[in-house]
Amino acid sequence: MSSEMERDILKVLVSEEELQRRVTELGEALYQRLEGKEPLFLGVLKGCFVFMADLVRACQLKCDVEFMALSSYRGATVSSGKVEVTQDLCSPIEGRDLVIVEDILDSGTTLAFLKEKLLARGAASVTIVTLLDKPSRRTKAITADLAGFTVPDEFVVGYGLDYNQQYRNIPYIGVLKPEAYSS
């Protein structure tokens, strides 16, 4: 069965099976890295929510979960370069080991801003885990500690990633047809 959303997909970049396998590997790597600690998993809303749920289950550490919402896109397909916090943390983070969970590391603007902000607030450590890494678009000197997949400079959606709040519920990572976002 083909959905309305799937008709807007040019090609599948990462299948459901590949996602499941890689998230399990990332969870195991986090477990080894943070064994004996009780990290705070910090999801960057909204794109991380599917990935983060699967990653936390795959990691099997005692942990807390928090979310922040940041915006630098404001409905566009390219970052504006200015980050604003639209939903802040509820819990204190002083002395905590944090795991930032992000859907995609693109320009690096959002993650560079967030990492600096969290360290300034007293986090003991910050580990960045991103599902997708798009290094060709990087404008800030930041890298992920763990990345699921390196992707080309194409507009991707699915598994939590969106265009204009749509396509998040596609169970794979797909490349959006240009006509779906250039109209």
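In this text the structure is predicted, and so the values were computed from the model without any measurement. (Residues numbered from 1 in each chain as written. Predicted model: local features only at pLDDT ≥ 70, side-chain atom pairs only at ≥ 80, totals over all residues. Heavy atoms only, no water.)

**What to know about the packing of helix α1 (residues 16-34) against helix α2 (residues 49-59)**
Orientation of α1 relative to α2, taken along the N-to-C sense of each, is 55°, at an axis distance of 8 Å. It follows that α1 is oblique to α2 by the angle criterion. Crossing geometry of α1 relative to α2 is assigned as right-handed. Only Phe 51, Asp 54, Leu 55, Ala 58 and Cys 59 of α2 make contact with α1, whose side of the interface consists of Val 23, Thr 24, Leu 26, Gly 27, Glu 28, Leu 30 and Tyr 31. Among the residues forming the contact of α1 with α2, the class breakdown is eight nonpolar, two polar and two charged. (Axes fitted to C-alpha atoms, helices over the stretch in contact; angles between N-to-C directions. Helix = DSSP H or I, 4+ residues; strand = E, 2+ residues; numbered from the N terminus. Parallel < 35°, antiparallel > 145°, perpendicular 65-115°, else oblique. Left-handed = near helix turned anticlockwise from the far one by under 90°. Contact = heavy atoms within 4.5 Å. Nonpolar A, V, L, I, M, F, W, Y, C, P; charged D, E, K, R; others polar.)

**A short note on α1**
Since there are 3.6 residues in each turn of an α-helix, residues three or four apart along the chain are aligned in direction. With 19 residues, α1 should reach 27 Å at 1.5 Å per residue; the first-to-last C-alpha distance of 27 Å fits that figure. Those residues of α1 that fall on the buried side of the exposure criterion are Leu 19, Val 23, Leu 26, Gly 27, Leu 30 and Leu 34. Relative to the axis of α1, the buried residues are bounded by an arc of 105° and lie together on one face. Counted as exposed and oriented over 90 degrees from the buried face of α1: Glu 17 and Gln 32. Looking one or two places after α1, you find Gly 36, whose phi comes out positive at around 90°. (Expected span 1.5 Å × (residues − 1). Buried < 20%, exposed > 50% of the residue type's maximum accessible area, 1.4 Å probe, protein only. Arc of directions from axis to C-beta.)

**Digging into the sheet that holds strand β8 (residues 156-157)**
As summarised here, the arrangement of the three strands in space is β1-β9-β8, forming an open sheet in which the pairing is antiparallel. On the outer flanks of this sheet lie β1 (9-14) and β8, each paired with one strand and no other. In terms of strand pairing, β8 meets strand β9 (residues 173-176) through two bridges, oriented antiparallel. Paired with Val 156 across the two strands is Val 175, which belongs to β9. (Pairing = 2+ DSSP bridges.)

**What to know about the sheet that holds strand β6 (residues 125-133)**
Working definition: the strands of a sheet are paired by backbone hydrogen bonds and lie parallel or antiparallel to each other. With mixed pairing, the six strands of this open sheet are ordered in space as β4-β3-β2-β5-β6-β7. Edge strands, defined here as strands with exactly one partner in the open sheet, are β4 (84-87) and β7 (146-150). On average, adjacent strands in this sheet sit at an angle of 30° to one another, irrespective of strand direction. Of the strand pairs in this sheet, β6 and β7 are connected by four bridges, and their pairing is parallel. Its bridge partner being in β7, Asp 133 is matched across the sheet by Thr 150. Set on the sheet, α1 makes contact with β2 (40-45), β5 (97-105), β6 and β7; between it and β7 the angle comes to about 160°. Strands β2, β3 (64-71), β4, β5 and β6 of the sheet are contacted by helix α3 (residues 109-120), whose axis makes an angle of about 170° with β5.

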